Amino acid sequence: MIIREYVEQEKNKLKSLIAPLQLKPHLVIVQVNDDPGSNTYIRGKLNDATEVGIEAELIKLPITIEEAELLSLIEKLNIDPKVHGFIVQMPLPKQINEEKVKRAVAPSKDVDGFHPDSKLVACTPKGIVDYLTSEGVQFQGKNALVIGRSNIVGKPTAKLLLQKNATVTVAHSKTTSEAMRFYVAHADIIVVAVGHKYYLDRTYTYKKDAILVDVGINRVDGVTYGDIEPGLPVLLQTPVPGGIGLLTRLSLMKNLYEAYQNAISN
Ligand code: NAP
């Protein structure tokens, strides 16, 4: 099923689970930037929440705010029983340490899944694995290559694929180009999160039954491109736009519902 249809189907499932609830799941988004990209992402998340019946609230703070003030707001959200999950939209202004902020969010409410002890799986890896699973992809024993080792995409994706019993290689900017071509040619599943337009292209050799997952979002002259050239000769290739971005947003809604269920069953 194409990703847009899959996401609609999953959102409808969530909607029907939430519709009969008296107490609605409640999401808070904290924004401490004026970043146009963040504004777009936040609008998307608020729309998704409304669509599935989640109550969502945006707290926008001045970009001059001190780290201690933000940490104190996080502490309040951590203990507020009305709030089932919250996210602090990245990037943050320079005076605030992003890692400190990610670790301050209670693991039970960390719907982005950024905290090392989060009870929830990071949204992009979760979106990828849930979707591929719905497509009948088996992970066990497969050679998976993750290109990119960021804390929000590359590393958690590698971890999740390992949990699924794939044999995982993580490549990055210091991987030699010769080694990269070797890993690409032998991979069953390739997840690319580099941030370079068409990083993987026709000059590489692929297994013909390979699965290519394109996480990249590269805006060039107002047009969005992925990290993978479209139309490569493989079994499955996710599109950009209309691909992993939608799955990531879906995961956030699923994580919020899961955090809600955990909260009410405790
Ligand atoms: P990031 O923090 O900049 O990390 C990029 C990674 O790519 C780094 O690990 C870097 O290696 C590696 N890299 C850079 N140049 C390389 C090269 N020439 N060869 C091999 N590896 C190279 O980026 P990110 O946050 O993970 O995001 C990656 C992309 O995904 C971006 O386009 C971003 O916009 C997009 N994204 C999309 C979603 C979504 O929902 N679709 C979510 C998050 C991010 P080093 O570690 O050695 O520097």
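Cut-offs used in this document
Residue positions within a chain follow its written sequence, with the count starting from 1. The model is predicted, so local features are restricted to residues of pLDDT at least 70 and side-chain atom pairs to those at 80 or more, both for listing and for counting; the totals for chains, interfaces and linings are taken over all residues. Only hydrogens and water are removed before side-chain values are computed, so all heavy atoms of the structure are retained for them. In this description a helix means any DSSP run of H or I spanning at least four residues, a strand means any run of E spanning at least two, and both kinds are numbered starting from the N terminus. Atoms counted for the radius of gyration: C-alpha only. Globule rule: 2.2 Å times residue count to the power 0.38. Note on exposure labels: buried denotes an accessible area under 20% of the residue type's maximum, exposed denotes more than 50%, and partly exposed covers the range between, all computed with a 1.4 Å probe on protein chains only. Whether two residues are in contact is decided by their heavy atoms: any pair within 4.5 Å suffices. Reported accessibility uses the Shrake-Rupley method at a 1.4 Å probe radius. Residues are deemed covered only where the shown protein chains occlude them. When DSSP finds at least two bridges between two strands, those strands are taken to pair. Helix axes are fitted to C-alpha atoms over the stretch in contact, other axes to C-alpha atoms as well, and angles between N-to-C directions run from 0 to 180 degrees. Any angle that falls under 35 degrees is termed roughly parallel, while one over 145 is termed roughly antiparallel, one within 65 to 115 roughly perpendicular, and all others oblique. In this scheme the crossing of two helices becomes right-handed for a clockwise turn of the near helix relative to the far one and left-handed for an anticlockwise turn of less than a right angle. Ten residues, namely Ala, Val, Leu, Ile, Met, Phe, Trp, Tyr, Cys and Pro, are considered nonpolar, four, namely Asp, Glu, Lys and Arg, are considered charged, and the remaining ones, Gly among them, are considered polar. The start and end points of each domain follow an automatic or database-based domain assignment. Accessible area that two parts lose when put together, with a 1.4 Å probe and added across both, is what the buried area reports. The working definition used for a salt bridge is a side-chain nitrogen of Lys or Arg within 4 Å of a carboxyl oxygen of Asp or Glu. Think of a polar contact as two N or O atoms within 3.5 Å of one another; within protein, one of them needs to be a possible hydrogen donor and the other a possible acceptor, and neighboring residues in sequence only count if both atoms come from side chains. A helix is expected to span 1.5 Å multiplied by its residue count minus one. Each residue is tested against the molecule or strand, and it is near if at least one of its non-hydrogen atoms lies within 4 Å.

## What about the overall build of the protein chain?
Each helix and strand in the protein chain was counted, giving 8 helices and 10 strands. In summary, the protein chain has a C-alpha radius of gyration of 19 Å against a globular reference of 18 Å for 266 residues, a match within 12%. By its C-alpha atoms, the protein chain is 50 × 45 × 35 Å across when sized along the principal axes. In the protein chain, which comprises 266 residues, the proportion classed as buried is 47%. Taking the contacts inside the protein chain whose residues are at least 6 apart along the sequence as the reference set, 69% of them involve residues at least 24 apart. Within the structure as shown, the protein chain displays about 13200 Å² of accessible surface, and the carbon and sulfur contribution to it stands at 54%.

## Focus on the sheet that holds strand S3 (residues 85-89)
Two modes of strand pairing occur in sheets, parallel and antiparallel, and in both the strands are linked by backbone hydrogen bonds. Taken together, the 3 strands give an open sheet; going across it, the order is S2-S1-S3, and neighbouring strands pair in parallel fashion. Each having just a single partner strand, strand S2 (55-60) and S3 make up the two edges of the open sheet. For this sheet the average axis-to-axis angle between neighbouring strands, irrespective of direction, equals 20 degrees. Bridge analysis of strand S1 (residues 26-31) against S3 gives 5 bridges, and the strand direction is parallel.

## A look at the packing of helix H1 (residues 3-18) against helix H8 (residues 244-265)
The packing of two helices is summarised by the inter-axis angle and the distance between the axes. For the pair H1 and H8, interaxial distance at closest approach is 10 Å and the crossing angle is 15 degrees. Between H1 and H8, the angle falls in the class roughly parallel. Between H1 and H8 lies a crossing of left-handed hand. Listed contacts from H8 to Ile3, Arg4, Tyr6, Val7, Glu10, Lys11, Leu14, Leu17 and Ile18 of H1 are Leu246, Leu247, Leu250, Met253, Lys254 and Tyr257. Of the residues assigned to the contact of H1 with H8, the class counts are 11 nonpolar, no polar and 4 charged.

## Thoughts on the domain arrangement of the protein chain
The figure often quoted for interface size is the accessible area lost as the parts come together. Here the protein chain is described as being made up of domain 1 (3-121 + 246-265) and domain 2 (123-241). Computed from C-alpha coordinates alone, the two centres of domain 1 and domain 2 are separated by 26 Å. Both sides of the domain 1 and domain 2 interface together cover about 1300 Å² of buried area, and 64% of this is carbon and sulfur. Seen at the junction of domain 1 and domain 2, the total is 1 salt bridge.

## Focus: the side chain of Asp110
Counting through the fold element by element, Asp110 comes out in the loop between helix H4 (98-104) and helix H5 (123-134). There is a polar contact of 2.7 Å between the side chain of Asp110 and the backbone nitrogen of His115. If sequence neighbours within four positions are ignored, Asp110 has contacts with Val105, His115, Ser118 and Leu120.

## As for H5
Counted at 1.5 Å a residue, the expected span for H5 with its 12 residues is 16 Å, and the 16 Å between its end C-alpha atoms agrees. Burial of H5 is extensive: 9 of the 12 residues sit out of reach of the surface. Looking at the buried positions of H5, the neighbouring elements they touch are H1, helix H6 (154-163), strand S6 (189-192), strand S7 (211-214), strand S10 (236-237) and H8. With its phi angle positive at about 85 degrees, Gly136 sits one or two positions after the end of H5.

## Points about the site of the ligand
As a matter of local geometry, the ligand sits amid 22 residues, with Arg149, Ser150, Ser173, Tyr199 and Thr248 nearest to it. Between the ligand and the protein, one listed contact pairs an oxygen atom with a side-chain N or O atom of Ser173 at 2.6 Å. Taking Tyr199, its side chain carries an N or O atom lying 2.9 Å from a nitrogen atom of the ligand. Its free accessible area being 920 Å², the ligand has 70% of it covered by the protein chains. At 3 residues, H8 tops the list of elements feeding residues into the shell around the ligand. The class makeup of the residues in the shell around the ligand is 10 nonpolar, 11 polar and 1 charged.

## Digging into the sheet that holds strand S5 (residues 167-171)
Taken in spatial order, the 5 strands make up an open sheet running S5-S4-S6-S7-S10, and their pairing is parallel. At either end of the open sheet lies a strand with only one pairing partner, and these are S5 and S10. Across 5 bridges, the pairing between strand S4 (residues 143-147) and S5 is parallel. Paired with Leu145 across the strands is Thr169, a residue of S5.

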